[in-house]
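# Descriptive structure summary
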Amino acid sequence: MWSFAQGMGQNIMATSLADPFYWIIYIAGPSHAAYSIMWMEIVKFLLTALVIYHFLKLWDLTYVSRITGTLLYCFSGFMFVGSEWRLFSTEAFFLSVLLLSFEKLYRQNSWHLFPIAVALLAAHNPFKLYTSSVFLFFYFLFRHFSSEKPGANTFFRLILKMCCLGALGILISSFLFIPNIQYMIESPRVSGGFSCFNKLNSLPFFCFEKQDHYVTAVLRFFSNDLMGNGLTYSGWHNYLEAPLFYIGLLPLLLTSQILILFKKRQLIAHVSFLSIFLLPVIFPYFRYAFFLFTGDYYRCFSFFVALSLLFSGLYVLDKINGNGAVNPYFLLGSCLILILILYFPYDTAVTNINILDGSSYPFCKKNDVLSINSKLRFIICVFLMIYSLLIYLFRYKRYKTLLRIILILGIMIEVAYMNSNSLTGRYALTPFSLINYTDGKIKDAVDYIHAIDKGLYRTNVDVRLTSDINYLYNMAKICGYFGTTSYDSFNQKYYIRFLEEMNMLKKGDETNSRWANGLIFQPLLWPFASIKYHIGINSDMILQPLGLDPIKQIGDITVYKNSSFLPFGYTYNQYIPISRFKMLSDVQKALVLQKAIVVEEPIDPKIKSTLNEFNLEELSERNSIHSYFQDIAKLNQNTLNMTGFTQNYLEGTIILEKAKWIFFSIPYDKGWSAEIDNRKIKPQLCNVGFLGFILEPGYHTIRLSYLPPYFYSSLMMSISGLSLYLGFLSVIFFYNRRPNHTLR
């Protein structure tokens, strides 16, 4: 599944199919996509609530603790604020399924759900399978050693079962797991020189973060919005990527009770479980290590910290609900300490300085003063005092039924109020803005271009037509054109390699590898990239000398047509080694790309015998605009006559009088295959990051087709895994039908 709407083209199979909830958006269609996101998130919340309630039921908790845990899990900061980015809420749902499947295996020796839970995570994101597995391992240790009778046999037998069932789950998911793995490995952040590994791994084990980080981490236990929300957020990093520790106020109040309610072994298990996840908050090196030094993140780790607090709090609540054994001094002390933390005079400047290299975090406020919402702080204190009173009164058995109802109502009011701030207190697209973004003048211009030209080409949109360049990164997907910009966590490696070599992004900058401007500021390269149309401002005098002629005015914007357009499949008769190309200036590189194909080294002898090597001395003599147009005209002499195309298939014919190199401005990917006159060949890497190959003289029919690497092998692996799973279920089903025989 190839898309020319992402960057200059990329395999999007992994990201398009890996989240099953996206099918709600696909079914709703493009015209209802924005509103279907809301329904998608509602479905996630309902399913998560159902799963997590049954998970807590396997703990043998009372209904009060189960309802409390379900509410706090579903309306946690990670789940609710993260739902506005969609990925976090999906991860929270999959984690709930994994936890339920583990409990069924642990408590009931029921294995059926575990491979499915692993398969969902593996198909969705292999890295999230890793992070969830780490959490599950520590959760398993916590559950095992806090149980009444932990035993070595039980421990190792369960480890073996989880490994075998997990392997089966990965096998089932292979059809999406393998493309996802390849999608990450083939990205600039993993194998393209943009990794943070060396920087992050070079820090001392016990180094500290800046003060603003610790203040933010502490206050985000109380609320997502205590330091503002959205654009008004004033804490460390940004609103979404700062710690999302909020999971209700009750666990904060109750956790200290573990010191007196549990026996020594259980106490050690609870304290160890909490410490494992709190330690990386204090010492960032361990948080970097948790994420395998891929970045300075909290993300899912926020949720793991919050869950460690929630699970201890629920254990305490269940004990108090059962026998009312609450220590009033610890309860009062906890309440007072929490209120003191809230009202401490934090005089902290929010610098948002990255401790790695002293640079500022992108998209974050800098040199600001941390501000606290005083109204919200007061309401939090009121909730803390009410909860303290309710928990204290649990020691009186005759009031327990009423207190349980009041407690659940209080929690419902708390999470509703706290998350209403997160939802309604944000700047959001108005219906007018949404219409303008998806159906405004830019969309009208795109529709006009599509009406007059059904061919394969790219379109450029002027950054001056938007209030923020960030709107442009994925606008091609929304408005339905092929561009060159892209925002993606794992952009196409060779696309980024090209931009880096052309100095269009900072070399080695991990953030730049995700936010790629493409060629929007490089009009000299628009013919090279097969950009045929430009949507820009009226009367743009800068563009007309470059061959862009206005053809249609729509309000205050104009559609320009590139008279120097080069179609997909134009030809070169000269080459330049990439080592010599790298020695040129940025402008020289842009000019050379219109003159000679850049080839990798060592150079194929066939290239040397077929093409002429470009003479760099010629560049210094002929670098005017006039020669620029002459070079483009030469490239246009022999081009592919396109007879058919989709985003995964191109077909056309070409006539050559002599051997040349045919070039396609499609980022190099092993999934592309080529046929010349029904003879299969392997496209070669050229022009730093694209594909092409040598053509002999004569008349040729050329076909390019894309199939994701390992497509059929991964499909067969998934079919094999599913067959094994269903086979095991069938054997157990028929075995259990025999009298006096039971298998799980």
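In what follows, the structure referred to is the one given above.
These remarks concern the structure in this document. Quantities reported herein were computed from a predicted structural model and do not represent experimental measurements. (Residues numbered from 1 in each chain as written. Predicted model: local features only at pLDDT ≥ 70, side-chain atom pairs only at ≥ 80, totals over all residues. Heavy atoms only, no water.)

Quick look at the overall build of the protein chain now. A tally of regular secondary structure across the protein chain gives 31 helices and 22 strands. Expected size for 744 residues packed as a compact globule is a radius of gyration near 27 Å; at 30 Å, the protein chain falls within 12% of this value. With respect to the principal axes defined by its C-alpha atoms, the protein chain has extents near 95 × 70 × 50 Å. Burial status across the protein chain gives 55% buried among its 744 residues. Intrachain contacts of the protein chain at a sequence separation of at least 6 include 73% that bridge at least 24 residues. As displayed, the protein chain offers around 32,100 Å² of accessible surface, 62% of which is attributable to carbon and sulfur atoms. (Helix = DSSP H or I, 4+ residues; strand = E, 2+ residues; numbered from the N terminus. Rg over C-alpha atoms; globule rule 2.2 N^0.38 Å. Buried < 20%, exposed > 50% of the residue type's maximum accessible area, 1.4 Å probe, protein only. Contact = heavy atoms within 4.5 Å. Areas by Shrake-Rupley, 256 points an atom, 1.4 Å probe, with all protein chains shown as cover.)

Strand order in the open sheet made by the four strands is β5-β8-β10-β9, with mixed pairing throughout. Each edge of the open sheet is held by one strand with a lone partner, namely β5 (458-461) and β9 (548-554). Put simply, the sheet's adjacent strands are angled 25 degrees from each other on average, direction ignored. The sheet contact formed by β5 and strand β8 (residues 531-537) spans four bridges and is parallel. Following the sheet pairing, V461 is matched in β8 by I535. (Pairing = 2+ DSSP bridges. Axes fitted to C-alpha atoms, helices over the stretch in contact; angles between N-to-C directions.)

Here we come to the nonpolar core. Within the largest apolar cluster, 128 residues are counted, with the highest numbers of intra-cluster contacts made by F135, Y139, F222, F311 and L384. Counting residues per element, this core draws most heavily on helix α18 (residues 300-323), at 15 residues. If we ignore the near neighbours within four places in the chain, the residues touching Y139 are F55, W59, L99, F102, E103, F273 and F311. With 50 residues, the next largest nonpolar core counts L499, A529, L591 and L593 among its residues. (Core = buried A, V, L, I, M, F, W, Y, C linked by side-chain atoms within 4.5 Å.)

Where nonpolar side chains cluster on the molecular surface, the patch consists of M38, W39, I42 and L46 and spans about 430 Å² of accessible area. Take I42: it is sitting in helix α3 (residues 33-57). Look at I42 and you get partly exposed, because its relative accessible area is 35%. (Patch = residues over 30% accessible without salt bridge, like charges linked within 9 Å, V, L, I, M, F, W, Y side chains within 5 Å. Salt bridge = Lys/Arg side-chain N within 4 Å of Asp/Glu carboxyl O.)

Applying the stated rule across the entire model yields 20 salt bridges. We note a salt bridge from E696 to K606, for which the minimum N-O separation is 3.6 Å. A residue pair is termed long-range when its members are at least 10 positions apart, and E696 in the loop between β21 (690-695) and β22 (698-706) and K606 in helix α28 (residues 605-610) qualify at 90 residues. Note that E675 is salt-bridged to R703, the shortest N-O span being 3.8 Å. With E675 in strand β18 (residues 672-676) and R703 in strand β22, this residue pair connects regions lying 28 residues apart in the sequence. For E675, a relative accessible area of 23% translates into the label partly exposed. One connected set of salt bridges, linked through shared partners, spans E209, R287 and D296.

The tally for this structure, following the rule as stated, stands at 86 aromatic pairs. Ring plane angle 75 degrees and centroid distance 5.5 Å describe the contact between W2 and W672, whose orientation is recorded as edge-to-face. Linking W2 in strand β1 (residues 2-3) with W672 in strand β18, this pair joins segments that are 670 residues apart in sequence. The exposure class of W672 is buried, given its relative accessible area of 3%. Measuring from centroid to centroid gives 6.1 Å for F145 and F155, while their planes differ by 45 degrees, and the two rings are tilted. Remark: F155 occurs in helix α9 (residues 152-172) and F145 occurs in helix α8 (residues 126-145); sequence separation between them is ten residues. (Phe/Tyr/Trp six-rings, centres within 6.5 Å; stacked < 30°, edge-to-face > 60°.)

With their axes 9 Å apart at the nearest point, α3 and helix α4 (residues 63-74) run at an angle of 140 degrees to one another. Two packed elements cross with a definite hand, and for α3 against α4 that hand is right-handed. Contact residues: F45, T48, A49, I52, Y53, L56 and K57 in α3; S65, R66, I67, G69, T70, Y73 and C74 in α4. The residue inventory of the contact of α3 with α4, partitioned by class, reads eight nonpolar, four polar and two charged. (Left-handed = near helix turned anticlockwise from the far one by under 90°. Nonpolar A, V, L, I, M, F, W, Y, C, P; charged D, E, K, R; others polar.)

Pairing between sheet strands relies on hydrogen bonds along the backbone, with the strands arranged either parallel or antiparallel. Spatial strand order, β15-β16-β22-β18-β19: five strands in an open sheet with antiparallel pairing. Each of the sheet's edge strands pairs with one partner strand only, and the pair in question is β15 (641-646) and β19 (679-681). Between one strand axis and the next, the sheet turns through 20 degrees on average, direction left out of account. For strand β16 (residues 649-656) and β22, the ladder comprises eight bridges, and the chain directions are antiparallel. The partner of I654 across the bridge, within β22, is H700.

Here we take up the environment of Q637. Inspection of the secondary structure puts Q637 in the loop between α30 (625-635) and β15. Judged by relative accessible area, which is 56%, Q637 ranks as exposed. Separated by 19 residues in sequence, Q637 and L656 have C-alpha atoms that sit 9.5 Å apart.

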